[in-house]
Amino acid sequence: MTEPTQPTPAASQAESSTATQTEAGGSKKQPVVIICIGMAGSGKTTFMQRLNSHLHSRNTPPYILNLDPAVSHMPYSANIDIRDTVDYKEVMKQYNLGPNGGILTALNLFTTKFDQVLGYVEKRAEDVDYILVDTPGQIEIFTWSASGAIITDAIASSLPTVVAYVVDTPRTTAPATFMSNMLYACSILYKTRLPFIIVFNKTDIQPHDFAIDWMKDFEAYQAALNDSGRNEHGETSYMNSLMSSMCLVLEEFYNNLRAVGVSAMTGEGMRGFFDAVEEARKEYESDYKPELDRLASERAAKTEADKKAQLERLMKDMNVSDSSAGSSRRRGGAGGDNPFGPYPVNEREDRYYDEEGDEEVDEEEQDAIRRQEEEEEEAAHAEELGALDVDEPEIGGMPRSGPNGGRGAAWPRPV
Ligand SMILES: Nc1nc2c(ncn2[C@@H]2O[C@H](COP(=O)(O)OP(=O)(O)OP(=O)(O)O)[C@@H](O)[C@H]2O)c(=O)[nH]1
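Since the model is a prediction, treat every value here as computed from it, not as a measurement.

The rules behind each value
- Every chain's residues receive numbers from 1 upward, in the order its sequence appears when written.
- Side-chain atom pairs in this predicted model are given and counted only at pLDDT of 80 or more, local residue features only at pLDDT of at least 70, and totals for whole chains, interfaces and linings cover all residues.
- In computing side-chain values, all of the structure's heavy atoms are included and hydrogens and water are not.
- Whether a residue is near a molecule or strand depends on its heavy atoms: it is near if one of them lies within 4 Å of it.
- The definition of a polar contact used here is a pair of N or O atoms within 3.5 Å, where within protein one atom must be able to donate a hydrogen and the other to accept one, and adjacent residues in sequence count solely through side-chain atom pairs.
- Residue exposure ignores everything except the shown protein chains as possible cover, and the areas themselves are Shrake-Rupley values with a 1.4 Å probe.
- Strands are runs of DSSP state E lasting at least 2 residues, helices are runs of H or I lasting at least 4, and numbering of each runs from the N terminus.
- Ten residues, namely Ala, Val, Leu, Ile, Met, Phe, Trp, Tyr, Cys and Pro, are considered nonpolar, four, namely Asp, Glu, Lys and Arg, are considered charged, and the remaining ones, Gly among them, are considered polar.
- Either an automatic procedure or a domain database provided the assignment from which the domain bounds are taken.
- Strand pairing is assigned whenever DSSP identifies at least 2 bridges connecting the two strands.
- We call two residues in contact whenever any of their non-hydrogen atoms come within 4.5 Å of each other.
- Orientation is described by lines fitted to C-alpha atoms, with helices fitted over the stretch in contact, and by angles between N-to-C directions that extend from 0 to 180 degrees.
- Grid points spaced at 1 Å and placed over the protein atoms alone form the basis of the search, with a cavity being a set where a 1.4 Å probe fits but cannot get out and a pocket an open set showing protein on both sides within 12 Å along at least five of seven lines. Lining residues have an atom within 4 Å of a point.
- Grid points are joined across faces, edges and corners, and a volume is the space filled by probe spheres set on the points.

**A word on the site of the ligand**
For step 1, the next point in the chain: Of all residues adjacent to the ligand, which total 16 residues, the nearest are K44, T45, T46, D204 and A264.
For step 2, the next point in the chain: Interatomic distance of 2.6 Å between a side-chain N/O atom of T45 and an oxygen atom of the ligand.
For step 3, the next point in the chain: In the model, an oxygen atom of the ligand is placed 2.5 Å from a nitrogen or oxygen of the T46 side chain.
For step 4, the next point in the chain: When the ligand sits alone it has 640 Å² of accessible area, and the protein chains cover 69% of it.
For step 5, the next point in the chain: At 3 residues, helix α2 (residues 44-57) tops the list of elements feeding residues into the shell around the ligand.
For step 6, the next point in the chain: Split into classes, the residues belonging to the shell around the ligand amount to 5 nonpolar, 8 polar and 3 charged.
For step 7, the next point in the chain: Shared between two domains, the shell around the ligand takes at least three residues from each, and those domains are domain 1 (30-159) and domain 2 (168-260 + 282-315).

**A closer look at the environment of D217**
For step 1, the next point in the chain: Of note, D217 is situated in the loop between α10 (209-216) and α11 (218-228).
For step 2, the next point in the chain: For the pair D217 and C247, spaced 30 residues apart in sequence, the C-alpha separation works out to 9.7 Å.

**So, the sheet that holds strand β5 (residues 161-168)**
For step 1, the next point in the chain: Within the open sheet, the 7 strands sit side by side as β3-β2-β4-β1-β5-β6-β7. Their pairing is parallel. Where the open sheet ends on each side, the last strands, each with one partner, are β3 (80-81) and β7 (258-261).
For step 2, the next point in the chain: Sheet analysis places strand β1 (residues 32-38) next to β5, joined by 6 bridges and oriented parallel. Paired with C36 across the strands is A164, a residue of β5.
For step 3, the next point in the chain: Its contacts with the sheet place helix α6 (residues 114-124) against β2 (63-66), β3 and β4 (130-134), and it is angled at close to 165° to β2.

**Description of the layout of surface pockets**
For step 1, the next point in the chain: Space inside the largest pocket adds up to approximately 350 Å³.
For step 2, the next point in the chain: Considering the residues around the largest pocket, the lining is formed by 15 residues, among which D153, K191, T192, R193 and L292 are closest to the centre.
For step 3, the next point in the chain: Contributions of two or more residues to the lining of the largest pocket are made by α7 (139-143), α8 (146-156), α9 (175-192) and α14 (270-317).
For step 4, the next point in the chain: When residues in the lining of the largest pocket are grouped by element, the largest group, 5 residues, is from α14.
For step 5, the next point in the chain: Class assignment of the residues belonging to the lining of the largest pocket gives a composition of 5 nonpolar, 5 polar and 5 charged.
For step 6, the next point in the chain: Formed jointly, the lining of the largest pocket draws a minimum of three residues from each of two domains, domain 1 (30-159) and domain 2 (168-260 + 282-315).
For step 7, the next point in the chain: In this model, the second largest pocket occupies a volume close to 260 Å³.
For step 8, the next point in the chain: Taken together, 14 residues make up the lining of the second largest pocket; nearest its centre are L189, Y190, F253, N256 and Y288.
For step 9, the next point in the chain: When residues in the lining of the second largest pocket are grouped by element, the largest group, 3 residues, is from α9.
For step 10, the next point in the chain: A class-by-class count of the residues in the lining of the second largest pocket yields 10 nonpolar, 1 polar and 3 charged.

Following this line, the structure appears as structure tokens:
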């Protein structure tokens, strides 16, 4: 596990030049997107405010997206705010939902417009070094919803993205709560598959050293477990043995994790956090981006294959073989050779083409065909009326009946 709490000179330099790396030969800057996720009350909003003021003090104001439709007070102003697009209370009323359903539906509605949002973000990407994303207080609404995944994927496939998981340190001092929090963090890592930073917040109240110890040293966690929970016979409980097994399982997770301690209230630990972001950005470029690109090209290939399969099915339904489709288009053959269906040649579109197949027939010929067609149509119409024994209604002063008394004969028809 890495814990970049002390800034290294190189990292500090990276911080001052931020993530505005230029691509080879180009001048396009790639800002880092920091998605803030955390349990309700962990201090996400305060942390966002702290990041915002820290970046302003460095003359690198961030671009901010608020995805929490239910936040009542935001101590900073967001460039894009979900509340400007969707009123979650109105959503609750209209869809007859509770608060969580309202927030989720509001997020779903917003996600349908996220391509536009991403368009704005991409336009501003050259001017900023950091893009901060605040997420709904009810963590599961973002981490376990389809819209959360769509938004995260969309952002991550476009810009370097890291997840900052904010933890309420004073409320994590019990081994069981700590384990629950770490398991949750692990599940978010699996869901997002993005570089991950655990931000132990509120270190002004409770330093986060104990957490780092537990993550680095299995025995330290084991000792804390033993102290916290034995039954009346001095035996470890089922929960304790489960948690100590979990701790072993999570070792690999801890090893690849960045953990920093901050106080969103006092601003302590901000440097360490930005060092961790810089490391995570590098990790995104080296490990995550190639994987995301691979998944994107796999998805594109699958879409292409689906399209091809659908086209083949359509051709099959129309009884057209792939090879005959191009060549027979102008030939006017019958059955499987006929791209216009099993109709006689004079009812098909290709009769307007001559024998060679490419040149259109001249205008005179087309007029003749059209006239013939009209005559055929009128005759058929008259025949039909005669057969049904229906009188043509009098229209526009025309005689009610044709030359033959209106039975089976053609008369001038209104235009
Ligand atoms: N002492 C101390 N208190 C903090 C710190 N960060 C946040 N708080 C307090 O923790 C409480 C919750 O903070 P918020 O920023 O509203 O937490 P949140 O995660 O955004 O909460 P939701 O909006 O419910 O998701 C507030 O009373 C904050 O003042 C910190 O670093 N130190």
